[in-house]
Structures are given as C-alpha cells and as structure tokens.
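# Report on the structure
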Amino acid sequence: QVQLVESGGGLVQAGGSLRLSCAASGRTFSNYGMGWFRQAPGKDREFVAAINWSGSRTYYTDSVKGRFTISRDNAKNTVYLQMDSLKPEDTAIYYCAADWAAGGIITAQNSYQTWGQGTQVTVSS
C-alpha cells in the first residue's frame, strides 16, 4: 500500500519561496507518476504540476508556469515542489498524489490512486 506524507508548508510573504516535499513508501517509487494539487478556501481542488516516473517530463498549470518547479529524487522516494515568487492567490492546502498504474503525466485527479494528507501554504500580501 502506498503512503504519502507532505511537508514544507507554512506562512510566507508575497514574493517569497517555499519548497514542499512528499515522501512516499510502500511500492516502488520510481514506477509512479506524481502530481501536486491544491485546494483554496471555498474552491475545488485543482491540478498544479505533474512529473513522470523518471523525472524526464513535467507539466504545469498555466498560473504557476515559470514560478513553480516539480522534481523528484527516486533514490529518496521523494517528490518536491519548489515554489518561487509566491502570490496571495497561491494560498491553499497542497496535496501530492501518486499514480502507480501508468507512471506518466497525469492531470486528472481521479487518475491518481493515493493522496497525501495535505500541507497548508499561506501567502500574505
């Protein structure tokens, strides 16, 4: 059974940076496609970024392109989300998710089999 644990959230001023981490256990991590999603207060959860099993391909939602970077270290069973130039509208609970069925780039939430518990990111203006 796959388990995911996020960390690295917190409070930061606009223009600042945070790096989220998602540690995985339970299956062969290097087979997974991984994604980051977020849910702002009063809004639906939305796709943020995805990375394929090897880290050779990434994909971002338009609102974070050029500011966020998704990466992974398969030796450490960890995926990261580096968030730079943060804006107040980035405030949300951030979730990582694992797709161990295909390992590719996935943007649809219902294609991911396992989710972490989420970590809060708050950006003050």
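This text gives an overview of the structure that appears in the document. Just so it is clear, the structure is predicted and the values come from calculations on it, not from any experiment. By convention here, each chain's residues receive numbers from 1 onward along its written sequence. Since the coordinates come from a predicted model, pLDDT governs what is reported: local features require at least 70, and pairs of side-chain atoms require 80 or more to be given and counted, while whole-chain, interface and lining totals use all residues. Side-chain numbers come from the whole structure's heavy atoms, not from hydrogens or water.

Moving on, we get to the overall build of the chain. Per the secondary structure count, the chain includes zero helices and eleven strands. Secondary structure elements of the chain occur, N-terminal to C-terminal, as β-β-β-β-β-β-β-β-β-β-β. Radius of gyration: over C-alpha atoms. The globule rule applied is 2.2 Å multiplied by the number of residues raised to the 0.38 power. In terms of overall dimensions, the chain is globule-like: its C-alpha atoms have a radius of gyration of 13 Å, near the 14 Å expected for 125 residues. Classification of residues uses two cut-offs on accessible area relative to the type maximum, computed with a 1.4 Å probe and protein chains only: under 20% is buried, over 50% is exposed, and between them is partly exposed. Per-residue burial over the chain gives 45% buried out of 125 residues. Contact definition: two residues touch when any of their heavy atoms are within 4.5 Å. Long-range pairs, those at least 24 residues apart, make up 59% of the contacts in the chain between residues at least 6 apart in sequence. Carbon and sulfur atoms make up 45% of the accessible area of the chain, which totals about 6,100 Å². Put simply, the chain has 11 plus and 9 minus side-chain charges, and the middle of one group is 4 Å from the middle of the other. Runs of H or I in DSSP of at least four residues are treated as helices and runs of E of at least two as strands, each being numbered from the N terminus. Surface accessibility follows the Shrake-Rupley procedure with a 1.4 Å probe radius. Residue values consider only the protein chains on display as shielding. The convention is simple: Lys and Arg are positive, Asp and Glu are negative, and His and the chain ends are not counted. Charge placement uses NZ in Lys and CZ in Arg. For Asp and Glu, CG and CD serve respectively.

DSSP-based pairing: two strands are paired if at least 2 bridges between them are found. Strand order in the open sheet made by the four strands is β1-β3-β8-β7, with antiparallel pairing throughout. Across the chains shown, the open sheet's two edge strands, defined by having one partner strand only, are β1 (3-7) and β7 (68-73). This sheet shows a mean twist of 15 degrees between the axes of neighbouring strands, independent of strand direction. As paired elements, strand β3 (residues 18-25) and strand β8 (residues 78-83) share six bridges and run antiparallel to each other. Bridge pairing in β8 links R19 to Q82. To obtain each axis, a line is fitted to C-alpha atoms, and for helices this fit is confined to the stretch in contact; angles are then taken between N-to-C directions over 0 to 180 degrees.

Before going further, it helps to examine the packing of aromatic side chains. For Phe, Tyr and Trp, where Trp contributes only its six-membered ring, two rings pair if their centres lie within 6.5 Å, and the inter-plane angle classes them as stacked under 30 degrees, edge-to-face over 60, or tilted in between. Taken as a whole, this structure holds six aromatic pairs when the rule is applied. Centroid distance F29 to Y32: 5.4 Å. Interplanar angle 75 degrees. Geometry classified as edge-to-face. When the centroid spacing of 6.1 Å and the interplanar angle of 65 degrees are considered together, the rings of Y112 and W115 count as edge-to-face. Overall, W115 belongs to the partly exposed group, its relative accessible area being 24%. Every member of this aromatic cluster is reached through a ring pair, and the members are F37, F47, Y59, Y112 and W115.

Here we take up the pattern of salt bridges. Whenever a carboxyl oxygen of Asp or Glu lies within 4 Å of a side-chain nitrogen of Lys or Arg, that contact is scored as a salt bridge. Summed over the entire model, instances satisfying the criterion amount to four salt bridges. Note that R38 and E46 form a salt bridge whose closest N and O atoms lie 2.7 Å from each other. One network of salt bridges, in which partners are shared, links R38, E46, R67 and D90.

Turning to the nonpolar core, a few remarks are in order. In these notes, a set of buried Ala, Val, Leu, Ile, Met, Phe, Trp, Tyr and Cys residues joined through side-chain atoms within 4.5 Å is what counts as a nonpolar core. Of all hydrophobic cores here, the largest spans 29 residues; its most connected members are M34, W36, L81, M83 and Y94. Leave out the neighbours within four places in its chain, and Y94 touches E6, L20, W36, F37, R38, V48, F68, L81, M83, G118, T119 and V121. Membership of the second largest hydrophobic core comes to six residues, among which are F37, F47, A50 and I106.

So, on to the layout of surface pockets. Any residue with an atom within 4 Å of a point lines the site, the site being either a cavity, points on a 1 Å grid over the protein atoms alone where a 1.4 Å probe fits but cannot get out, or a pocket, an open set with protein on both sides within 12 Å along at least 5 of 7 lines. Grid points are joined across faces, edges and corners, and a volume is the space filled by probe spheres set on the points. Empty space within the largest pocket amounts to approximately 150 Å³. What lines the largest pocket is simply R38, A40, K43, D44, E46, S63, R67, K87, E89, D90, T91 and A92. For the lining of the largest pocket, the per-class residue count stands at two nonpolar, two polar and eight charged. Residue classes follow a fixed rule: Ala, Val, Leu, Ile, Met, Phe, Trp, Tyr, Cys and Pro count as nonpolar, while Asp, Glu, Lys and Arg count as charged, and any other residue, Gly among them, counts as polar.

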